[in-house]
Amino acid sequence: MEKYIDYSVEQITSLCRIPSPSGFTVQAQQYLLDEFAKLGFKTIQSRKGSVIVELGGEGNPLVLAAHIDTLGAMVRSIKGTGKLRVTQVGGYPFNYIETENCIIHTRKGKTYSGTFQLNNPSAHVNSDARTAKRTDENVEIVIDEKVKSKEDVQKLGIRAGDFVSFDSRTVVTESGFIKSRHLDDKASAGIFIGLAKWIRDEEIQLTRKVYLVFTNYEEVGHGGAAGIPDDAVEMISVDMGAVGDDLETDEYTVSICAKDSMSPYDYSVTNKLIELADREKLNYAIDIYPHYGSDVDVTLGSGRDILHGLIGPGVFASHGYERTHRDAVENTFKLLAAYVTA
């Protein structure tokens, strides 16, 4: 199974480098369509762009859901100085993006690089640089073009409503750490591709019908509201395990969530996940996430009558420059493999 873990890590790094803030996921969608075509699986897309893959099996249909949309921004306005004011896509503190490189994607397909900076960012000039609160009013994009006015920027074709993606800065260390923006949730999406390859190559017999669903609006709250196969009776969101105070999950474990900000997860599904993790002798944790919501929460909110669960690899520094480890990828992969064959 090691080669499929390696393959999953390769897929994670490829996915992390594809710009896909919520609402601008077409490149990531096409990547998935191409990869699953190579693997020989049938794919369809929902009207809003979710990619749905049928892995095989019969009866008692299960959906495994991950999301390919990420945090990002959108041009809110062009300032008279030629800098850009942005509005957030997804939720994150503005200090998490300060000094980060980014790409502005115009509606006509042109791209321009830039950097998020504090207004008057020099510590040698601005006495408030250390203490100023970071907001959309004083963190701006400095474009890597010779522009000094609003008119200069408009001549480039940049305007309000253009998407902005963040440089993922994806790195895999020799010690097995994966450092990148957007591991939420491209770590799980990459694991899904590895799982599909394992099922195909090893001719794995699934004990039930299994779908993979890659949603594309999770970070803004409606990813799982539509596009879930009509015959699904159970859905497990495979997202990230948050790492922090009062939690057992770390960067090496698979997290099994018992309750998030909305409600407890299904008792029988959660118990089965725990039993399989014990049986397979996996490194796992059971945690409660009070500031967390998942795609399956939204699916339940849309009125679907399904069983539900949530797991994912442990991810440090969520919504910032994130980090996980190959061990967490492996533990998550093995739990999913056990679940679809149990």
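What you see is a predicted model, and the numbers here were worked out from it, not measured in a lab. (Residues numbered from 1 in each chain as written. Predicted model: local features only at pLDDT ≥ 70, side-chain atom pairs only at ≥ 80, totals over all residues. Heavy atoms only, no water.)

Chemist: Outline unusual backbone geometry, listing residues and values.
Modeler: In the segment running from D184 into D185, the intervening peptide bond is cis, with an omega of 10°. Locating D185 in the fold gives a position in helix 4 (residues 183-201). With a phi angle near 50°, E203 is a residue other than glycine that sits in the positive phi range. Among the structural elements, E203 can be located in the loop between helix 4 and strand 12 (210-215). Non-glycine residue H319 carries a positive phi angle of around 70°. Counting through the fold element by element, H319 comes out in the loop between strand 17 (307-315) and strand 18 (322-325). (Helix = DSSP H or I, 4+ residues; strand = E, 2+ residues; numbered from the N terminus.)

Chemist: Any chance you could break down the packing of aromatic side chains for me, citing the residues and the numbers?
Modeler: For the structure shown, the criterion picks out 10 aromatic pairs. Between Y92 and F94, the ring centres sit 6.2 Å apart and the planes meet at 55°, which makes this aromatic pair tilted. Note on accessibility: Y92 and F94 belong to one class, buried. Among the aromatic residues, ring-to-ring pairing joins F36, F41, F192 and F214 into one connected group. Over the aromatic face of Y321 sits the side chain of R169, whose NZ or CZ is 3.9 Å from the ring centroid. If you follow K272 out to its NZ or CZ, it ends over the ring of Y339, 4.5 Å from the centre. (Phe/Tyr/Trp six-rings, centres within 6.5 Å; stacked < 30°, edge-to-face > 60°. Buried < 20%, exposed > 50% of the residue type's maximum accessible area, 1.4 Å probe, protein only. Lys NZ or Arg CZ within 6 Å of the ring centre and 35° of its normal.)

Chemist: Give me the lowdown on the pattern of salt bridges, citing residues and values where you can.
Modeler: Scanning the entire structure with this criterion turns up 17 salt bridges. For E330, the salt bridge identified is with R326, shortest N-O distance 3.6 Å. Here the residue E330 and the residue R326 both occupy positions in helix 7 (residues 326-341), the gap between them amounting to 4 residues, near one helical turn. Owing to a relative accessible area of 14%, E330 belongs among the buried residues under this scheme. (Salt bridge = Lys/Arg side-chain N within 4 Å of Asp/Glu carboxyl O.)

Chemist: Give a description of the sheet that holds strand 10 (residues 171-172) that names residues and reports values.
Modeler: Ordered by their spatial adjacency, 3 strands build an open sheet running 10-11-18, and the pairing between neighbours is antiparallel. With partners counted over all chains shown, the strands left at the sheet margins are strand 10 and strand 18, one partner each. In this sheet, strand 11 (residues 177-180) lies alongside strand 10 in antiparallel orientation, the contact comprising 2 bridges. In the sheet register, V171 faces strand 11, and the bridge partner there is K179. Sheet strands in contact with helix 4 are strand 11 and strand 18, and its direction is about 30° off that of strand 18. Against the sheet, helix 7 makes contact with strand 11 and strand 18, and its axis sits at roughly 65° relative to strand 18, the strand it touches most. (Pairing = 2+ DSSP bridges. Contact = heavy atoms within 4.5 Å. Axes fitted to C-alpha atoms, helices over the stretch in contact; angles between N-to-C directions.)

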